[in-house]
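# A closer look at the structure
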Amino acid sequence: MSEPLWRPSPETIANSNLTKFMQYLRREYGAYFRGTDDLHAFSVRAPAVFWPALWDFLGFIGDKGEPPYLVDGDKMPGAQFFPNGQMNFAENLLRRSDDQTAVIFRAEDKLERRMSWAELHGEVSRLQQVLRAHGVGPGDRVAAMMPNAPETLVALLAAASIGAVFSSCSPDFGVKGVMDRFGQIEPKVLIACDGYYYNGKRFEIGEKLAEIVPQLPGLETVLIADYLGQSGQTADALDKAQTLAAAMGAHVPGEVEFTRVPFNHPVYIMYSSGTTGVPKCIVHAAGGALLQQVKEHALHCDVKAGDRVFYFTTCGWMMWNWLVAALACEATIMLYDGSPFAPDGNVLFDYAQTEGMTFFGTSAKYIDALKKNEFRPRDTHDLSKLRTMASTGSPLVPESFDYVYDAIKSDFHLASISGGTDIVSCFVLGNPHKPVWRGEIQGPGLGMAVDVFDQDGNPVRGEKGELVCTRPFPSMPVGFWNDPSGEKYFNAYFARFPNIWHHGDFAMWTEHGGVVILGRSDATLNPGGVRIGTAEIYRQVEQLPEVRESIVIGQDWDNDVRVVLFVVLQEGLELDDALSDRIKRQIREGATPRHVPAKIVQVPDIPRTKSGKITEIAVRDIIHGREIKNKEALANPDVLDYYAQLELSR
Ligand SMILES: CC(=O)CC(=O)O
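Sequence order sets the numbering: in each chain, residues are counted from 1 along the sequence as written. Per-residue local features of the predicted model are confined to residues with pLDDT of at least 70, and side-chain atom pairs are confined, for both listing and counting, to 80 or more; whole-chain, interface and lining totals are unaffected and use all residues. Side-chain metrics in this entry use all non-hydrogen atoms of the structure; hydrogen atoms and water are not considered.

## Points about the sheet that holds strand E31 (residues 560–569)
In space, the three strands of this open sheet follow the order E30-E31-E32, with mixed pairing throughout. Bordering the open sheet on either side are strand E30 (547–557) and strand E32 (599–602), each of which pairs with just one other strand. Ignoring strand direction, the axes of neighbouring strands in this sheet form an average angle of 25°. Strand pairing requires that DSSP identify at least two bridges connecting the strands. Think of it this way: any DSSP run of H or I at least four residues long counts as a helix, any run of E at least two long counts as a strand, and we number them from the N terminus. One ladder, built from four bridges, connects E31 with E32; its direction is parallel. Bridging from a neighbouring strand, Phe566 pairs with Val601 of E32. Every residue pair with non-hydrogen atoms within 4.5 Å of one another is taken to be in contact. Angular values range over 0 to 180 degrees, each being the angle between N-to-C directions of two axes fitted as lines to C-alpha atoms, with helices fitted over their stretch in contact. Strands E30, E31 and E32 of the sheet are contacted by helix H20 (residues 577–590), whose axis makes an angle of about 120° with E31.

This is the structure in structure tokens:
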């Protein structure tokens, strides 16, 4: 294809934060760059210059400390950014205190709220006082089992203002899922809701809390936020609990006191979503996570003061942590809780239109679903303010790039982005100076020495391989919780290639310097020894209107591997030979004969994690009769029973 789908205008480029950053580097450092590739090369070649320069350019609040700004800069793990630096995460997010809107909240039950910067300060101040009264200090954990609502943001900011460590999950988690997470990190305070709404239904969580609370060692207090109008009853039924409103009502808003902590002091504990055992507790540093995220907002997404930034997420997915960092760009953040299809697929576009959303972040699955359901927001909504749409969670297929430019908006920046919980940020993402090519992520993040390696650890271009990062970056985790020797942390990322971050994505560089992610490396299919990324197959199957969704695995077969594809069909359809043949033909013609499944099976549903990711490994394990150790990671674990009883011996 010789033409990109979109090119930024010269004015967009001239007015971008990225241009201002390059001008800044020229002015302050005498560094001249011919373009963003050049800037990227500099950023990975000279990290000890790049990251401090970024700190200054972004007006990061804190003190870089005495140089050196990078110690052991060639060691992974081991490198330390700003070892003498001091900062406070919340102070950087709460940099405004005026009466303009800081947070807009909508939920599918029609709940609507907005909070000014001044009000946000006030709420954080009151909750900070509550936490202090319960003895929360630097390093203590504050956990939240909460909807994506302003209270959750206030909880994060209050905890971080003290230097405490925040960890969240959504209220749809089961008791075991919560215990597998919060049970490991022993929070001093638990903030939970009385319940939530999803897809038109009301869910109470009092009974789950009654099981969870007594099992959490070291818990000082439970604060119940009101969503269903019954926080009082929920709190009364629990030990050590009171309503959040009562606890905060006992304090008056004052100045938020920000405790400066070392740059590498933890702010978040996040969780791996694997189905192979209890989740790993990934500890992220306040400075590293934030500097990286603000870099992504400001330079890669061109977020500016006054912008309205939205990401469709729960607070159990890292995109929530990413979203809230947009406050540090002085943007208004837009929160949404509930189903993006309740009552129908217009709900988020209504939100975008009425609130003048400038950045719309979502998942590739959501875009695919809009496409399948033939939504054309461009014909029904005024999206004139929208400048950027971001997609993540799984690869955005080329046909979905076409759909976005055809049915959502023709002149804006579509940024497919990819990274993960492991780094609370991205390896590869948008670049507002570059064209958008169909199916491609535009390029690596600044400061991220991203590459693609073959099995032997050699860099490859135009060939599929392992996504790696060859130099340290500040949002590498501090480590894993309860892993004093660092062994689990080392094994997760550094055991595959020495001194290299191995991310576990199967990827390929494109001729435009972009990247295509082909699926997770551990889910690649190996028929006849040829490595095929699962996304290569989804891309083809996705194009058939009869198929709603699919999941593909490699089944051990006759000393080889055969490809087995499971499909969920549109309501009322049955998989017959004709449709099976059409699916195979589409895959053969769109990919190669090697990609064609040996078997196609109709299934009622596909197992997915609570963040909406389909889980090939769980299906592969169940098909091979292996135990699924951590079903709690799944949003719909029961569906695996269906796969377990399938006769796949022919
Ligand atoms: C940025 C991401 O990579 C988010 C995700 O897919 O979990």
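Once you've had a look at it, read on.
## As for the side chain of Gln230
Assignment of secondary structure puts Gln230 in the loop between strand E12 (221–225) and helix H10 (231–236). By relative accessible area, Gln230 is classed as buried at 14%. Residues contacting Gln230, with those up to four places away along its chain left out, are Asp194, Arg202 and Glu204. To sort residues, take the accessible area from a 1.4 Å probe on protein chains only and compare it with the maximum for the residue type: under 20% means buried, over 50% means exposed, and anything in between is partly exposed.

## Re the sheet that holds strand E17 (residues 308–311)
Ordered in space as E6-E5-E18-E17-E19-E20-E21, the seven strands form an open sheet in which the pairing is mixed. Each of the sheet's edge strands pairs with one partner strand only, and the pair in question is strand E6 (112–116) and strand E21 (413–416). Each strand of the sheet is rotated relative to its neighbour by a mean of 15°, with strand direction disregarded. Both strand E5 (residues 101–107) and strand E18 (residues 332–337) contribute to a ladder of five bridges, which runs parallel. Across the sheet, Ile104 pairs through a bridge with Met334, a residue of E18. Across the sheet, helix H15 (residues 364–372) touches strand E19 (359–363) and strand E20 (388–392), and the angle it forms with E19 is around 90°.

## Looking at a negative patch on the surface
Patch members must show over 30% relative accessible area and no salt bridge, and they are joined within 9 Å when carrying like charges or within 5 Å when they are nonpolar side chains of Val, Leu, Ile, Met, Phe, Trp or Tyr. Surface exposure here means Shrake-Rupley accessible area, sampled with a 1.4 Å probe, where a residue is shielded only by the protein chains that are shown. One speaks of a salt bridge when a side-chain nitrogen belonging to Lys or Arg is within 4 Å of a carboxyl oxygen belonging to Asp or Glu. Positive charge is attributed to Lys and Arg, negative charge to Asp and Glu, and no charge count is given to His or to the chain ends. Charged side chains are reduced to one point each, which is NZ for Lys, CZ for Arg, CG for Asp and CD for Glu. Residues Glu574, Asp576, Asp577 and Asp581 make up a contiguous surface patch of negative charge. Of note, Asp581 is situated in helix H20.

## A few points about the pattern of salt bridges
If you walk through the whole model with that rule in mind, you get 32 salt bridges. By sharing partners, the salt bridges in this structure join Glu399, Asp402, Arg438 and Arg539 into a single network.

## Considering the site of the ligand
Around the ligand, the structure places Trp317, Met318, Met319, Thr392, Gly393, Ser418, Gly419, Gly420 and Lys613. Pairing of N or O atoms within 3.5 Å defines a polar contact, subject to two protein rules: one partner must be a possible hydrogen donor and the other a possible acceptor, and residues neighboring in sequence count only if both atoms are side-chain atoms. Between an oxygen atom of the ligand and a main-chain N or O atom of Gly393, the distance comes to 3.2 Å. Between the ligand and the protein, one listed contact pairs an oxygen atom with a backbone N or O atom of Gly419 at 2.8 Å. About the coverage of the ligand: the protein hides 96% of its 240 Å² of free accessible area. If you list the elements that add at least two residues to the shell around the ligand, you get helix H13 (318–324) and strand E22 (418–420). Residues are classed as near a molecule or strand on a simple rule: at least one heavy atom within 4 Å of it.

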